[in-house]
Amino acid sequence: MTDTETKPKKEKIPRQAMPEQNPGDRVKNFDEVPCGYPPETAMLEAKRCIQCKKPGCVEGCPVDVRIPEFILQIAEGDFIGAARTLKETNCLPAVCGRVCPQEDQCEKTCILGKKGEPVAIGRLERFAADYERDQGAVKIPAVATPNGKKVAVIGAGPSGLTIAGDLVKLGYDITVFEALHKAGGVLIYGIPEFRLPKAIVEAEVDYLKKLGVKVITNAVIGRLKTIDELFAEGFDAVYIGVGAGAPVFMDIPGENMSGIYSANEYLTRSNLMKAYRFPEYDTPIVRGKNVAVVGGGNVAMDSVRTALRLGADNAYIIYRRSEVEMPARKEEVHHAKEEGVQFLLLTNPVEYLGSKDGWVTGVRCIRMELGEPDASGRRSPVPMPGSEFVIDVDTVVVAVGTMANPIVSSTTPGLETNRKGYIITKGESGETTRRGVYAGGDIVTGAATVILAMGAGRKAAQAIHHALSGSLQDDGEKR
Amino acid sequence: MSSIISKTNLSDSVVQMDILAPEIARKRKAGQFVILKVNEQGERIPLTIVDSDGEQGTITIIFQIVGKTTAMMAVMKVGDEIQDVQGPLGNPTEIENFGHVVCIGGGVGVGVIYPITKALKEAGNRVTSIIGARTKSLIILEEDMKAASNELIVTTDDGSYGVHGFVSNVLQKVIDGGEKIDHVYAIGPVPMMKAIANLTRPYGIKTIVSLNAIMVDATGMCGACRVAVGGKTKFTCVDGPEFDGHQVDFDLLTNRLRMYCEQEGQSYERHRCGWQGN
């Protein structure tokens, strides 16, 4: 508090809005919705930061980005310098500037937010990273001399890419094994182009490759080779960052009918396989006219907004609680509403109806009311008897969560998982019950955010470095 | 990138290829499959690994030209490269000495039953094999199947070769012959697998089928390949591809396989018309 009091009073600049495509246009394309700050707007917004001596924003950031420092650089017009500051602690700033829930992290703890609106940290992060990339000014920093230690990273998602970046800079020989044909994990298959352009993810992966990270795609660990075999090949440590990729279905009648997708499938077809550009791309997707998306999280919002762009006349969100309990970011709900998504709140599907040839034609729903708070602290929804009704649909996307995929854990002796199949780790280091094996991200925590997975990667990088640099010294002594 | 090392046309519409994939070749077991993606715009398609050569580092695949991707692959030459090959995927076949087994392959499904037949024979089973196709020119791998079986019976729907009729007619005769059958493996078009499962059910003969559901990632991530087995939802890619034929809901599988008929037709048509636009 004293920080603010001792500074001379500045002229009040309002939080700067970011220009975006208007809703009528953007539902007809897959281009990014917000267009980013122009430089002068970014500088104006950056000047709002009062440069706290004890910045709350940094405490709110899972990867400890030096926020006031990079914002000051933007305010002074040193955009490239700002990008470099960001990259010292965050290898994916262009991604985080777009998909981090800043309102729950850095911006939540920004002092300006106490009385007015916080500094738009996410927008500034995005601006600096985009500026550097657009100017072709991305510099490959010097990495430490190779230390001869090899680390295998399983999964090229946010967590795996972060640990790969951190360790390669410290001189480790890093190989990332990715099951799909393209690196990026959820950033590539899950988050749509209109929220995170794939060219940005590709640029971030290329940056890591230039740092010396080897990325092997089409490598399904657990099938192609096991973790035991990786150790036999000479890896000194293994990091598991495979995410929580298995879809959850509701197990209600008719759920396997044609036209019913998991959100994972719907988004993978559209994003990874570019089915929205069919027939130019070969993978098809159902372009439903009446599409219901079940769920209230970010994945549900991504799915329903994809459905609109694929040409839906009616795109519904069916969510069993009310808007207050919705786990999706407010910004995403706001965008969905602007685009014409219809929200059926306090509503739950109980059965799918279909045609003779097994294609979904309707979803029978029941109204819900909120009862007592459950374990998560949210009031739990209770069905209202006799309130059932049917909505006509030709496509359904089930976006009610994901769970652990057992493909790695089931083939790794000594690797313990909990009741739900998530890998058990010791504290923040990511150490598992198997020596030399670390894990982090959704496969440990269950489905969470990109930045939390990155934070886990960062902490495991430190733990692995600690463990292996100790053995480096041992080796030195032996010689 | 995986190079095509050799290529043979088994019939007008069925092609066999050896492709370079040394790690998969070393690791794969009978019953497993790969996902192929031909190029940047390509879709991901599952194909059974028919055979492998550890020394040469190749795997063998067999496919029928049914749509754009397979049509594109059919005109690829030795030395050309397939952009992505991912595998081995799916659970291997449980291979044991069960006693007397009957291996049934229909159409291009013979390519899928062949590695299983070979492994069962090597495990000491007495193997009776029945392979069939619509007509003589579509019969594939006859010599390989003969070598992998104690006895091979060939059928054609039109009677142009071997026994006139369906593989199920021949199976009925084998059952009627009285020799005990411990396991039946049936792989081919869905109606064939359904017919075989219906035939063996009253006799209580354990019948394994391998399902060809539509897949995307094939690692348990998307659920495109979900099927109902014994009333429970299973993912063909990670829970299968083999299931107890008596428990499979073949009608659901048939419906789900038709989900993209229209788009598949559109894509194939566009390809055949030599579409060059972008």
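Remember, predicted model here, so these are calculated numbers, not experimental data.

Scoring rules and cut-offs
Residues numbered from 1 in each chain as written. Chains lettered and ligands numbered in written order. Predicted model: local features only at pLDDT ≥ 70, side-chain atom pairs only at ≥ 80, totals over all residues. Heavy atoms only, no water. Helix = DSSP H or I, 4+ residues; strand = E, 2+ residues; numbered from the N terminus. Rg over C-alpha atoms; globule rule 2.2 N^0.38 Å. Buried < 20%, exposed > 50% of the residue type's maximum accessible area, 1.4 Å probe, protein only. Contact = heavy atoms within 4.5 Å. Phe/Tyr/Trp six-rings, centres within 6.5 Å; stacked < 30°, edge-to-face > 60°. Lys NZ or Arg CZ within 6 Å of the ring centre and 35° of its normal. pLDDT = per-residue confidence, 0-100. Buried area = accessible area lost by both parts, 1.4 Å probe. Salt bridge = Lys/Arg side-chain N within 4 Å of Asp/Glu carboxyl O. Polar contact = N/O pair within 3.5 Å; in protein donor to acceptor, adjacent residues only side chain to side chain. Nonpolar A, V, L, I, M, F, W, Y, C, P; charged D, E, K, R; others polar. Pairing = 2+ DSSP bridges. Expected span 1.5 Å × (residues − 1). Axes fitted to C-alpha atoms, helices over the stretch in contact; angles between N-to-C directions. Arc of directions from axis to C-beta.

*Asks:* I keep staring at the overall build of chain A and nothing clicks. Help me out?
*Replies:* When helices and strands are counted, chain A shows 18 helices and 16 strands. In terms of C-alpha radius of gyration, chain A reaches 23 Å, essentially the compact-globule figure of 23 Å for 479 residues. Seen along its three principal axes, the alpha-carbon backbone of chain A occupies a region of about 75 × 65 × 50 Å. Residue burial in chain A is summarised as follows: out of 479 residues, 58% are buried. Look at the contacts in chain A between residues 6 or more apart in sequence, and 69% of them connect residues 24 or more apart.

*Asks:* What should I look at first to understand the environment of A:G254 in this one?
*Replies:* All names here are of chain A. Structurally, G254 is set in the loop between β5 (246–247) and β6 (260–262). On the basis of relative accessibility, which here comes to 28%, the residue G254 falls in the partly exposed class. Taking C-alpha positions, G254 is 58 Å from T145, a pair spaced 109 residues apart along the chain. Look past the residues within four positions of G254 in its chain and what remains in contact with it is I260 and Y352.

*Asks:* How should I be thinking about the packing of aromatic side chains in this particular structure?
*Replies:* Here the distance between the centres and the angle between the planes together describe a pair of aromatic rings. Applying the stated criterion to the full structure yields eight aromatic pairs over all chains. Centre to centre, the rings of A:F127 and A:Y131 are 5.9 Å apart; their planes meet at 40 degrees, and the pair counts as tilted. A residue pair is termed a helical-turn pair when its members lie 3 or 4 positions apart in one helix, as A:F127 and A:Y131 do in helix α9 (residues 121–134) at four residues. Its relative accessible area of 23% is what places A:Y131 among the partly exposed residues. Aromatic side chains A:F249 and B:F235 sit 6.4 Å apart centroid to centroid with 90 degrees between the ring planes, which places their arrangement in the edge-to-face category. Taken as a pair, A:F249 in the loop between β5 and β6 and B:F235 in strand β16 (residues 232–235) lie in two separate chains rather than in one. Residue classification places A:F249 among the buried positions, given a relative accessible area of 18%. Cluster of aromatic residues (ring-pair linked, three or more members): A:F30, A:F194 and A:Y276. The lysine or arginine in question, A:K87, covers the ring of A:Y207, its NZ or CZ lying 4.3 Å from the ring centre. Residue placement shows B:R272 over the ring face of B:Y268; its charged tip is 4.1 Å from the ring centre.

*Asks:* Would you mind showing me how to read the confidence of the model for chain B here?
*Replies:* Regions with low pLDDT should not have their predicted coordinates read in detail. Averaged over chain B, the pLDDT score is 95; the fraction of residues at 70 or greater is 98%. Complex prediction metrics read pTM 0.94 and ipTM 0.95.

*Asks:* Whenever I open this one, the interface of chain A and chain B confuses me. Can you help?
*Replies:* Reports often express the size of an interface as the amount of accessible area lost when the parts come together. The interface of chain A with chain B comprises 42 residues on the first partner and 43 residues on the second. Both faces combined, the contact of chain A with chain B buries some 3,800 Å², and carbon together with sulfur accounts for 52% of it. It is A:R223, A:N256 and A:D282 in chain A that bury the most area against chain B; as a group they hold 21% of the surface buried on that side. Applying the counting rule to chain A against chain B returns four salt bridges. For A:K182, the salt bridge identified is with B:E40, shortest N-O distance 3.5 Å. At the surface where chain A touches chain B, the tally comes to 24 residue pairs in polar contact (both at pLDDT 80 or more). For the side of chain A that touches chain B, the leading source of residues is helix α14 (residues 263–272) of chain A, giving four residues. Residue classes in the side of chain A that touches chain B are distributed as 20 nonpolar, twelve polar and ten charged.

*Asks:* Just checking my understanding: could you explain the sheet that holds strand β7 (residues 81–82) of chain B for this structure?
*Replies:* Through backbone hydrogen bonds, the strands of a sheet pair up, either in parallel or in antiparallel fashion. Residues and elements named next belong to chain B. Taken together, five strands build an open sheet; the order of strands is β5-β6-β2-β1-β7 and the sheet is antiparallel. Edge positions in the sheet fall to β5 (51–53) and β7, since each has one partner strand and no second. Where β5 lies against strand β6 (residues 58–64), three bridges are found, and the strand directions are antiparallel. Of the residues in β6, the one forming a bridge with D51 is T60.

*Asks:* Help me out: how do you make sense of helix α3 (residues 110–122) of chain B in this one?
*Replies:* Every α-helix carries 3.6 residues per turn, so stepping three or four residues along brings you back to the same face. Residue and element names in this part refer to chain B. Counted at 1.5 Å a residue, the expected span for α3 with its 13 residues is 18 Å, and the 18 Å between its end C-alpha atoms agrees. Most of α3 is tucked away, with ten of its 13 residues classed as buried. Buried within α3 we find V110, G111, V112, I113, Y114, P115, I116, T117, A119 and L120.

*Asks:* What is the right way to read the environment of B:D182 from this model?
*Replies:* Residue and element names in this part refer to chain B. Position of D182 among the secondary structure elements: in the loop between α5 (167–176) and β13 (183–187). A C-alpha to C-alpha distance of 8.2 Å links D182 and V102, two positions 80 residues apart in sequence. Separated by 2.3 Å, the side chains of D182 and K180 make a polar contact.

*Asks:* Can you help me understand the pattern of salt bridges in this one?
*Replies:* Side chains that carry opposite charge are capable of pairing whenever their charged atoms lie near each other. Residues and elements named next belong to chain A. Taken as a whole and assessed by the stated rule, the structure comprises 42 salt bridges over all chains. Note that D130 and R133 form a salt bridge whose closest N and O atoms lie 3.2 Å from each other. Taken as a pair, D130 and R133 lie in helix α9 at a separation of three residues, close to a single helical turn. Of the residues examined, D130 reaches a relative accessible area of 10% and is grouped as buried. For R305, the salt bridge identified is with E332, shortest N-O distance 3.0 Å. With a gap of 27 residues between them, R305 in helix α15 (residues 298–309) and E332 in helix α16 (residues 330–338) connect regions that are remote in the sequence. What makes R305 buried here is its relative accessible area of 1%. Three or more residues joined by partner-sharing salt bridges are found here, namely E20, R26, R195, D302, R305, R309, E332, E338 and E339.

*Asks:* Honestly, the sheet that holds strand β14 (residues 206–210) of chain B in this entry has me stumped. Any pointers?
*Replies:* Residue and element names in this part refer to chain B. A sheet is described by the order of its strands in space; here seven strands give the open sequence β12-β11-β10-β9-β13-β14-β17, paired in mixed fashion. The two strands at the open ends of the sheet, each matched to only one other strand, are β12 (163–164) and β17 (242–244). Taken together, the seven bridges between strand β9 (residues 100–106) and strand β10 (residues 126–133) define a ladder with parallel strand orientation. Paired with I104 across the strands is I130, a residue of β10. Contacting β9, β13 and β14, helix α6 (residues 190–200) crosses the sheet at an angle of about 160 degrees to β13.

*Asks:* Explain α5(B) to me, please; I cannot follow it from the model alone.
*Replies:* Residues and elements named next belong to chain B. Looking only at α5, the buried set comprises V167, S168, V170, L171, V174 and I175. The buried residues of α5 occupy an angular sector of 155 degrees when the element is viewed end-on, so they sit on one face. Of the residues in α5, the exposed ones pointing more than 90 degrees away from the buried face are K173 and D176. Where α5 ends, the next residue or the one after it, G178, has phi of about 100 degrees, a positive value.

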